[in-house]
Amino acid sequence: MEAQKKLLVVAHAPSPNTLKLRQAVVDGARHEDIENVEVRVLSPLEAGPEDVMACDAIILGTTENLGYMSGALKDFFDRSYYPCLEKTEALPFACYIRAGHDGTGTRRAIESITTGLRWKRIQEPLICRGDYRDEFEEQCRELGLYVAASLDAGLI
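Presented here is an overview of the structure given in this document. Only a predicted model underlies this, so the values are computations on that prediction, with no experimental measurement involved. (Residues numbered from 1 in each chain as written. Predicted model: local features only at pLDDT ≥ 70, side-chain atom pairs only at ≥ 80, totals over all residues. Heavy atoms only, no water.)

Regarding the side chain of E64
Right, on to step 1. Tracing the backbone through its elements, the reader meets E64 in the loop between β3 (57-63) and α3 (71-84).
Right, on to step 2. No salt bridge is formed by the buried E64. Its closest oppositely charged neighbour is R98, at 7.2 Å.
Right, on to step 3. A polar contact is formed between the side chain of E64 and the backbone nitrogen of H101, at a distance of 2.8 Å.
Right, on to step 4. For E64, the side chain forms a polar contact with the main-chain nitrogen of G103, separated by 2.8 Å.
Right, on to step 5. Leave out the neighbours within four places in its chain, and E64 touches I97, R98, A99, G100, H101, D102, G103, T104 and T106. (Helix = DSSP H or I, 4+ residues; strand = E, 2+ residues; numbered from the N terminus. Buried < 20%, exposed > 50% of the residue type's maximum accessible area, 1.4 Å probe, protein only. Lys, Arg positive; Asp, Glu negative; His and termini not counted. Salt bridge = Lys/Arg side-chain N within 4 Å of Asp/Glu carboxyl O. Polar contact = N/O pair within 3.5 Å; in protein donor to acceptor, adjacent residues only side chain to side chain. Contact = heavy atoms within 4.5 Å.)

Okay, here's the thing in structure tokens:
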């Protein structure tokens, strides 16, 4: 039997809609066709460097707050950056951003930090822009499925 791969989802979900997005990512990652991936879901305030060092891939989720990532995700990075530096190089990651505006500053901030960590982005950030639409949930489900399936197949 193949060893279980570990996918960590660290997502800030302060509202019912952002909770739906996080759940959609998890539902996609736990699709019935995914056989060897264990999905762990933590809020940014619960997650720490030990969780990152124990995973094989990570999905980050955040709201856009004043043109930046959520304070909770920033806190996660503040606590995890140096302990993870040089221990998680090339960690595959993806992210989604719930942006009331354009998400540009949030994306740039996440890319700056993950570049410093030398993590490997496995797809363009998913930016759910503007007023909330139900299609965001399907996009997040596809993101979770894509990352988990790639991990399951040994592609990442």
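Re the state of the cysteines
Right, on to step 1. Under the defined criterion, the tally for this structure stands at zero disulfides.
Right, on to step 2. In this model C95 remains outside any disulfide bridge; the closest cysteine sulfur is found in C128, 10 Å from its own.
Right, on to step 3. Considering cysteine sulfurs only, C140 is the nearest to C128, which forms no disulfide, with 4.3 Å between them.
Right, on to step 4. Accessibility expressed as a relative area gives 0% for C128, which makes it buried. (Disulfide = S-S within 2.5 Å.)

Here's the deal with the pattern of salt bridges
Where charged atoms from two side chains of opposite charge approach closely, those side chains can pair.
Right, on to step 1. Enumeration according to the criterion identifies ten salt bridges in this entry.
Right, on to step 2. For R107, the salt bridge identified is with E111, shortest N-O distance 2.8 Å. Here the residue R107 and the residue E111 both occupy positions in helix α4 (residues 104-117), the gap between them amounting to four residues, near one helical turn.
Right, on to step 3. Measuring nitrogen to oxygen at the nearest pair gives 2.4 Å for the salt bridge that ties E124 to R107. Linking E124 in the loop between β5 (120-121) and β6 (126-129) with R107 in helix α4, this pair joins segments that are 17 residues apart in sequence.
Right, on to step 4. Look at E124 and you get partly exposed, because its relative accessible area is 43%.

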